[in-house]
Amino acid sequence: MTDHHAIRPRRRGPRAALASVAVVALAAGTALLYASSANAAESTLGAAAAQTGRYFGAAIAAHKLGDSTYVNILNREFNSVTAENEMKINATEPQQGRFDFSSGDRIVNHAISRGMAVRGHTLAWHSQQPAWMEQMEGSALRQAMLNHVTQVASYYRGKIHSWDVVNEAFDDGNSGARRNSNLQRTGNDWIEAAFRAARAADPGAKLCYNDYNIDNWSWAKTQAAYNLVRDFKQRGVPIDCVGLQSHFNAQSPYPSNYRTTLSSFAALGVDVQITELDIEGSGTAQANAYRGVVNDCLAIARCTGITVWGIRDSDSWRSYGTPLLFDNNGNKKPAYDATLSALNSGTPVPTTAPPTTAPPTTAPPTTAPPTTAPPTTAPPPPGNCSATVSLNQWPGGFVATVRVTAGSSGTNSWAVTMTIPSGAAVTNTWNAQASGSTGSVRFANVSYNGRIGAGQSTEFGFQGTGSGSGMTPSCSSS
Ligand code: XIL
């Protein structure tokens, strides 16, 4: 695990298709995978999901990788994994600045050596923080959080299919407010700061916002998450996916409007993933609920995969509710049969990307105000372009996000030049091509963002070492 640039796994065999297709899709910056032929009846969850271009995953625990019943089911049925606890903040940075990836690596290595995808969980969260972080507040915490995101996402760079960058940032109940946490108290922009740092550290991973109780379209918390994603897409904050944890029980049942929720998020131009599925119950009722969830995902092209939160009921964090697909002995439950048959009758994801701008299927909520103040620079001169820079800094490093705005004639191509402060250096750039890394550095558009309509904007970013304070961008265009 020393090579941060390791290529994602490519293997032949039943699970290889998903892994290699995922590599291609990520490399091409496209959202979708597809299997071409009609469905054959597959005998495992992973293979049945893969023929629709999706993954089927499980949360797993490193300390159970010696349990042969557990590992046999894992290797047979699943083609994606999530670390149930091993990549959380208290596991990966037990003391500030001392990182421990040993348990996370056991999970990642098990998965990669078998061609399974890995979902990273989670970089920034109010819960399962190490004691040193729980006691922190303010700018020290903001810097520590950004450093954590950068270090962990950089360490696993190239190995993670999707990261839950931020987990559970909204309150329960009807307020639609942010959850009051030490991270929230560092400023309302903490979520976007975390996403920008994650993009800089691993530009190939899909970046997800993940939460529970955002399944029912009519709940305030769902609308709050929807508004966050819509605002991020409008302002160019990097976000690629929404994770619906989907822990269902009597208090939070599988809602009849779940498909509306999935399609509404997808219409914002993000993937949706069902990330922690478990459904308390038994027998036919439980099987029907699992079938419903799977059918809802299969109906939405941008619902790209499902992860169940454990393998056997006895592995579940809510084992009393027997919420999973295998019983305590590892036998398949009716819920398993329903899930497999739903996957087998599912339609492949279309070969062409669906429009990302389709209107929501229900009336959108009223627009939330932007969470950060707009740039204070003057509007661009006509016929040219202008650029503003915003910084996320921590001791020894920074992420710069540069917004390029076209003047009254729009642009065909553009370039932004900036003097990087002495002692600082550009290490990594996205959505632009950098010439040089120190002194005067020129950032030119890439193929897909050279054309900007009159008065419209695009964003690019870069990560650097040292301090990025005091950079003044200048923009030219043709
Ligand atoms: C749970 C794990 O399953 C437990 O083992 C642990 O004790 C607590 O966390 N939402 C999440 C997951 O995002 O990380 C949680 O996992 C379940 C709720």
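Since this is a predicted model, take the numbers as computed values, not measurements.

(A) Structural view of the overall build of the chain. Looking only at helices and strands, one finds 12 helices and 17 strands in the chain. Considering only contacts in the chain between residues 6 or more positions apart, those separated by 24 or more positions represent 76%. Approximately 18,300 Å² of the chain is accessible, and the part contributed by carbon and sulfur atoms is 51%.

(B) Local environment of the site of the ligand. Surrounding the ligand, one finds 13 residues, the nearest of these being Glu-84, Lys-88, His-121, Glu-276 and Trp-309. A distance of 3.0 Å separates an oxygen atom of the ligand from a polar side-chain atom of Asn-85. Lys-88 has a polar side-chain atom sitting 2.8 Å from an oxygen atom of the ligand. Burial of the ligand by the surrounding chains reaches 78%, relative to a free accessible area of 420 Å². A breakdown of the residues in the shell around the ligand according to their chemical character gives 3 nonpolar, 6 polar and 4 charged.

(C) Broad picture of the pattern of salt bridges. Inspection of every chain in the model, using the stated rule, returns 17 salt bridges. The salt bridge involving Arg-312 is made with Asp-67; its shortest N-O contact spans 3.0 Å. With Arg-312 in the loop between strand S9 (303-308) and helix H12 (334-344) and Asp-67 in the loop between strand S1 (55-60) and helix H3 (68-77), the pair connects residues that are 245 residues apart, well separated along the chain. Across the pair Asp-231 and Arg-235 runs a salt bridge whose closest N-O atoms are separated by 2.9 Å. Of this pair, Asp-231 and Arg-235 are both found in helix H9 (residues 220-235), 4 residues apart, which corresponds to roughly one turn of the helix. Each member of the pair, Asp-231 together with Arg-235, is buried. Each of Lys-64, Asp-67, Arg-312 and Asp-315 takes part in a single network of salt bridges with overlapping partners.

(D) Structural view of the nonpolar core. Residues Phe-78, Trp-163, Val-166 and Phe-195 are the most contacted members of the largest nonpolar core, which totals 98 residues. Core analysis: the second largest hydrophobic core is formed by 21 residues, Phe-398, Ile-420, Ala-432 and Phe-443 among them.

(E) Highlighting unusual backbone geometry. A cis amide bond links His-121 to the next residue, Thr-122, at an omega of 0°. Mapped onto the elements, Thr-122 comes out in strand S3 (residues 117-125). Not every positive phi belongs to a glycine, and Gln-128 is a case in point at roughly 50°. Relative to the helices and strands, Gln-128 is located in the loop between S3 and helix H6 (131-134). Judged by its relative accessible area of 28%, Gln-128 is partly exposed.

(F) Structural view of the packing of aromatic side chains. Taken as a whole, this structure holds 17 aromatic pairs when the rule is applied. Taken together through their ring pairs, the aromatic side chains of Phe-398, Trp-414, Phe-443, Phe-460 and Phe-462 make up a single cluster.

(G) The pairing of S1, seen in detail. The buried fraction of S1 amounts to 6 of the 6 residues, a majority that puts the element mostly inside the structure. Neither face of S1 is open: one carries Tyr-55, Gly-57 and Ala-59, the other Phe-56, Ala-58 and Ile-60, and all of them are buried. By the bridge criterion, 4 bridges tie S1 to strand S2 (residues 80-83) in an arrangement that is parallel. Bridge pairing in S2 places Gly-57 opposite Ser-80. After leaving S1, the chain enters H3 and then returns to the sheet as S2, a path that is right-handed.

(H) Structural view of the side chain of His-121. In this structure, His-121 sits in strand S3. Polar contacts involving the side chain of His-121 include one to the side chain of Asp-164, which spans 2.9 Å. With near-sequence residues (within four places) excluded, His-121 lies in contact with Thr-82, Ala-83, Glu-84, Met-87, Lys-88, Trp-163, Asp-164, Asn-167, Asn-210, Glu-276 and Trp-309.

(I) Quick peek at the state of the cysteines. A full pass over the atoms with the stated rule returns 3 disulfides. Between the sulfur of Cys-208 and that of Cys-241 lies a disulfide, 2.1 Å long from S to S. Because the sign of the S-S torsion sets the handedness, a value of about -90° for the bond joining Cys-208 and Cys-241 places this disulfide among the left-handed ones. On the criterion of sequence distance, the pair formed by Cys-208 in strand S5 (residues 206-211) and Cys-241 in strand S6 (residues 241-244) is long-range, its members being 33 residues apart. The disulfide partner of Cys-297 is Cys-303, and the S-S distance across this bridge is 2.1 Å. Disulfide Cys-297-Cys-303: the torsion about the S-S bond is -100°, which places it as left-handed. For the pair formed by Cys-297 and Cys-303, the shared burial category is buried. Cysteine pairing for the chain (bonded cysteines numbered in sequence order): 1-2, 3-4, 5-6.

Rules of the game
Residues numbered from 1 in each chain as written. Predicted model: local features only at pLDDT ≥ 70, side-chain atom pairs only at ≥ 80, totals over all residues. Heavy atoms only, no water. Helix = DSSP H or I, 4+ residues; strand = E, 2+ residues; numbered from the N terminus. Contact = heavy atoms within 4.5 Å. Areas by Shrake-Rupley, 256 points an atom, 1.4 Å probe, with all protein chains shown as cover. Near = heavy atom within 4 Å. Polar contact = N/O pair within 3.5 Å; in protein donor to acceptor, adjacent residues only side chain to side chain. Nonpolar A, V, L, I, M, F, W, Y, C, P; charged D, E, K, R; others polar. Salt bridge = Lys/Arg side-chain N within 4 Å of Asp/Glu carboxyl O. Buried < 20%, exposed > 50% of the residue type's maximum accessible area, 1.4 Å probe, protein only. Core = buried A, V, L, I, M, F, W, Y, C linked by side-chain atoms within 4.5 Å. Phe/Tyr/Trp six-rings, centres within 6.5 Å; stacked < 30°, edge-to-face > 60°. Pairing = 2+ DSSP bridges. Right-handed = clockwise from strand over helix to strand, strands pointing away. Disulfide = S-S within 2.5 Å.

What is shown is where atoms sit, not what they do.
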